[in-house]
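Inside the fold
Next come the chains, spelled out residue by residue.
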Amino acid sequence: MKRITTVLCLLVAVVVRADDFDVAVVGAGTAGIPAALAAARTGARTVLLERSDSIGGTMTRASVEWPGLFHAWGRQIIAGPGWDLVSNACIRSGFKLPNFKRPYGTSHWKHQIRLKGRVYAALAQIALRQAGVEIRTNNEVVGVFRTEFGWRLAGGGRTVEAKQIVDCTGNASVAALCGALRERDEDNCQPGSFAYVIDPGCDLKALDPEKLNAALDVAIAEGKVLATDCLGRPPYLYLDKRKMSNHIPGADNSTIPLAEKANQLGIESMNRMLAFFRAQPGLEKARVVWKAKETGVRETYRIIGDETVTELDYFAGLRYPGAVAYSFYPIDIHTDAGVVPRQLLPGVVPTVPFGCMLPKGTENVLVAGRAVSSDRAANSALRVQATCMAEGQAAGVAAALAARRSMTPREISVEDICEVLRSLGAIVPSKTGR
Ligand SMILES: Cc1cc2nc3c(=O)[nH]c(=O)nc-3n(C[C@H](O)[C@H](O)[C@H](O)COP(=O)(O)OP(=O)(O)OC[C@H]3O[C@@H](n4cnc5c(N)ncnc54)[C@H](O)[C@@H]3O)c2cc1C
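Conventions adopted
Residues numbered from 1 in each chain as written. Predicted model: local features only at pLDDT ≥ 70, side-chain atom pairs only at ≥ 80, totals over all residues. Heavy atoms only, no water. Phe/Tyr/Trp six-rings, centres within 6.5 Å; stacked < 30°, edge-to-face > 60°. Helix = DSSP H or I, 4+ residues; strand = E, 2+ residues; numbered from the N terminus. Buried < 20%, exposed > 50% of the residue type's maximum accessible area, 1.4 Å probe, protein only. Lys NZ or Arg CZ within 6 Å of the ring centre and 35° of its normal. Domains from an automatic or database assignment. Contact = heavy atoms within 4.5 Å. Buried area = accessible area lost by both parts, 1.4 Å probe. Salt bridge = Lys/Arg side-chain N within 4 Å of Asp/Glu carboxyl O. Polar contact = N/O pair within 3.5 Å; in protein donor to acceptor, adjacent residues only side chain to side chain. Near = heavy atom within 4 Å. Areas by Shrake-Rupley, 256 points an atom, 1.4 Å probe, with all protein chains shown as cover. Disulfide = S-S within 2.5 Å. Axes fitted to C-alpha atoms, helices over the stretch in contact; angles between N-to-C directions. Left-handed = near helix turned anticlockwise from the far one by under 90°.

1. Some thoughts on the packing of aromatic side chains
For any two aromatic rings, the description comes down to two numbers: the centre-to-centre distance and the angle of the planes. Considering all chains together, one arrives at five aromatic pairs under this definition. Consider the rings of tryptophan 83 and phenylalanine 100, whose centres lie 6.2 Å apart with planes at 70 degrees: the pair is edge-to-face. Pair noted here: tryptophan 83 is in helix H4 (residues 81-92) and phenylalanine 100 is in the loop between H4 and helix H5 (117-131), with a separation of 17 residues, a long-range link. For phenylalanine 100, a relative accessible area of 12% corresponds to the buried category. Among the aromatic side chains, those forming a connected cluster through ring pairs are Phe70, Trp83 and Phe100. When the ring centre of tyrosine 301 is taken as reference, the NZ or CZ atom of arginine 184 above it lies at 4.8 Å.

Take a look at the structure:
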């Protein structure tokens, strides 16, 4: 049935009149929202296409509500439309911004920003509308055709024509439809995670953490629970209204059927933990009181771009000649056993080159967010939300300039992109020094 609908969408897309835009941003997630804001504020008629029924992507739908890192070594390194939304959402959610002057050493996560996803999404919606962005949810892009002036995008809603596409799907799936080359580590993608909260239904003080720990070890040995279902110890910790820390091996969301499977795996993991808790004396009334809309996915495809960020360059803090943003996060590869971040050395602030957003194999398509061109290790740092936002902003500006000048993004100079980014409040790496 789904296949028939897709074929019908594609047929309709070829024949019907399309709505006309300069820039189509696909994916209203972490990178997509700042990309659309930046494109629209640069003067482009912009449409934002999102396959799910709400905006925000991993931050709101998988409930990864602690974006980072906008600061490094005591100073701000990422700003602009994304930062404005995040900092505003933090305060409006009732939280405080961290003290960025205070160095936390290896506890980098203390500089992540706490916010409520629904507050962020509401603020983003207002900002997008004010900027003149047309938001179309329930609009999965399933087919792309070349036209005389750019691209025709077919999907769930009305057909769209745009001079430039910014792919912010996290998987470069639309860029691939346009001919972009991409790669993935087929056997070794990092696991996802599924967020949920369990209410113990009893006074936690009455429980013995050590007994619970021992019982979990037995449940794992008996195969009733997987070791990946609960990464932190003791499991007691998670009964205090905290989101469960888990890994969901094989989580992939690069197509809707795969995303549905990832969600199913997340629910199964949650049900195993719930059954485990309910089998413990005192916890018979435990229940799930909240769960995320989606399983969060850490890794799928990356494009093969004009430039590829490597672990070596990231770790050395290479100042790319074509740098359009800074990035700051440890190398953070999750395995089924957990994660041991590799911290950047003091003073190091890596940069993001424009070329890592330009996929080989196609033209008039940019990619921002998790899927930029990078090796796996560098990608494990680049994929964090602040960097995704900085990339989105740069790609949005480049697409808008290319549309206005009837050029390809490759023909737009990095100096011009940086100048516009600065005017939007973004921070761009200087040619020399910090
Ligand atoms: C469990 C977990 C924990 C993490 N922890 C942190 C952390 O502590 N701090 C941090 O900063 N980062 C963290 N990250 C990383 C970060 O959240 C993600 O890498 C980042 O949000 C990805 O952003 P994105 O814009 O590339 O993709 P997303 O935010 O996932 O957005 C992609 C959007 O595209 C849509 N889409 C996909 N295909 C189509 C299509 N064909 N048509 C239309 N729409 C489409 C999707 O529905 C989605 O809304 C974590 C990630 C995970 C999974």
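Still more to cover.
2. Focus: the domain arrangement of the protein
Looking at the protein, the domain boundaries give domain 1 (2-186 + 300-423) and domain 2 (196-291). Summarising the inter-unit geometry, the C-alpha centres of domain 1 and domain 2 are found 32 Å apart. With 16 residues of domain 1 at the contact, the number on the domain 2 side is twelve residues. Interface area, domain 1 with domain 2, both sides summed: about 990 Å², of which 48% is carbon and sulfur. Among the residues of domain 1 in contact with domain 2, Arg51, Ser63 and Asp336 are the three that bury the most area, contributing 41% of the side total. If you look at where domain 1 meets domain 2, you find two salt bridges. Residue lysine 243 pairs with glutamate 65 through a salt bridge whose shortest N-O separation is 2.9 Å. Joining domain 1 to domain 2, the criterion identifies eight residue pairs in polar contact (both at pLDDT 80 or more).

3. Notes on the environment of valine 367
The topology assignment puts valine 367 in strand E17 (residues 365-367). Every residue in contact with valine 367, bar those within four places of it in the chain, is listed here: Asp167, Ala172, Ala175, Ile303, Met357, Pro359 and Val372.

4. A few points about the site of the ligand
Around the ligand sit 31 residues, and of these Thr30, Glu50, Thr58, Trp66 and Arg383 come closest. Within the contact set of the ligand, an oxygen atom lies 2.8 Å away from a backbone nitrogen or oxygen of arginine 370. Here an oxygen atom of the ligand and a backbone polar atom of arginine 383 are 2.7 Å apart. Compared with its free state, where it exposes 1000 Å², the ligand has 94% of that area covered by protein.

5. As for the state of the cysteines
Enumeration according to the criterion identifies zero disulfides in this entry. Here cysteine 356 stays unpaired: no disulfide links it, and the sulfur of cysteine 388, its closest cysteine neighbor, is 11 Å away. In this structure cysteine 356 comes out as buried when scored by relative accessible area, which is 0%. Free cysteine cysteine 418: the closest other cysteine sulfur is in cysteine 356, separated by 13 Å.

6. As for the pattern of salt bridges
Evaluated as defined, the whole model comprises 21 salt bridges. Note that glutamate 183 and arginine 302 form a salt bridge whose closest N and O atoms lie 3.7 Å from each other. Separated by 119 residues along the polypeptide, glutamate 183 in strand E9 (residues 182-183) and arginine 302 in strand E12 (residues 302-303) bring together distant segments of the chain. What makes glutamate 183 partly exposed here is its relative accessible area of 33%.

7. Looking at the packing of helix H11 (residues 385-405) against helix H12 (residues 414-423)
Contact geometry of H11 with H12 gives a least axis separation of 9 Å together with a crossing angle of 115 degrees. At the point where H11 passes H12, the crossing takes the right-handed sense. Facing Gln393, Ala394, Val397, Ala398, Leu401 and Arg405 of H11, the residues of H12 in contact are Asp416, Ile417, Val420 and Leu421.

8. Here's the deal with the environment of valine 384
Inspection of the secondary structure puts valine 384 in the loop between helix H10 (376-382) and H11. For valine 384 and phenylalanine 194, which are 190 residues apart along the polypeptide, the C-alpha to C-alpha distance reads 17 Å. Once you skip the residues sitting within four places of it in the chain, valine 384 turns out to touch Gly68, Leu69 and Tyr329.

9. Some remarks on helix H2 (residues 32-41)
For an α-helix, the turn length of 3.6 residues means that residues three or four places apart are oriented alike. Counting buried positions along H2 yields nine of ten residues, so the element is predominantly enclosed. Within H2, the full set of buried residues consists of Gly32, Ile33, Pro34, Ala35, Ala36, Leu37, Ala38, Ala39 and Ala40. Those residues of H2 that are buried lie in contact with strand E1 (19-26), strand E2 (46-49), H4, H5, strand E8 (160-167) and H11. Count one or two residues on from H2 and you reach glycine 43, which has phi positive near 105 degrees.

10. A short note on the environment of glycine 179
Positionally, glycine 179 belongs in the loop between helix H6 (173-177) and E9. Put simply, glycine 179 and methionine 59 are 120 residues apart on the chain and 28 Å apart in space, counted from C-alpha to C-alpha. Sequence-distant contacts of glycine 179, defined by excluding residues within four places in its chain, comprise Lys360, Gly361 and Thr362.

11. Some words on unusual backbone geometry
A cis geometry characterises the amide bond from glycine 68 onward to leucine 69, with omega recorded as -15 degrees. You can see leucine 69 is positioned in the loop between helix H3 (58-61) and strand E3 (71-72). Backbone geometry places serine 406, a non-glycine residue, at a positive phi of 50 degrees. Summarising the element assignment, serine 406 is placed in the loop between H11 and H12. Classification of serine 406 by relative accessible area gives exposed; the value is 68%.

12. Regarding the side chain of threonine 30
With respect to the helices and strands, the residue threonine 30 is situated in the loop between E1 and H2. Take threonine 30: its relative accessible area is 10%, and that puts it in the buried class. Beyond its immediate sequence surroundings of up to four residues, threonine 30 is in contact with Gly56, Thr58, Met59, Gln385, Cys388 and Met389.

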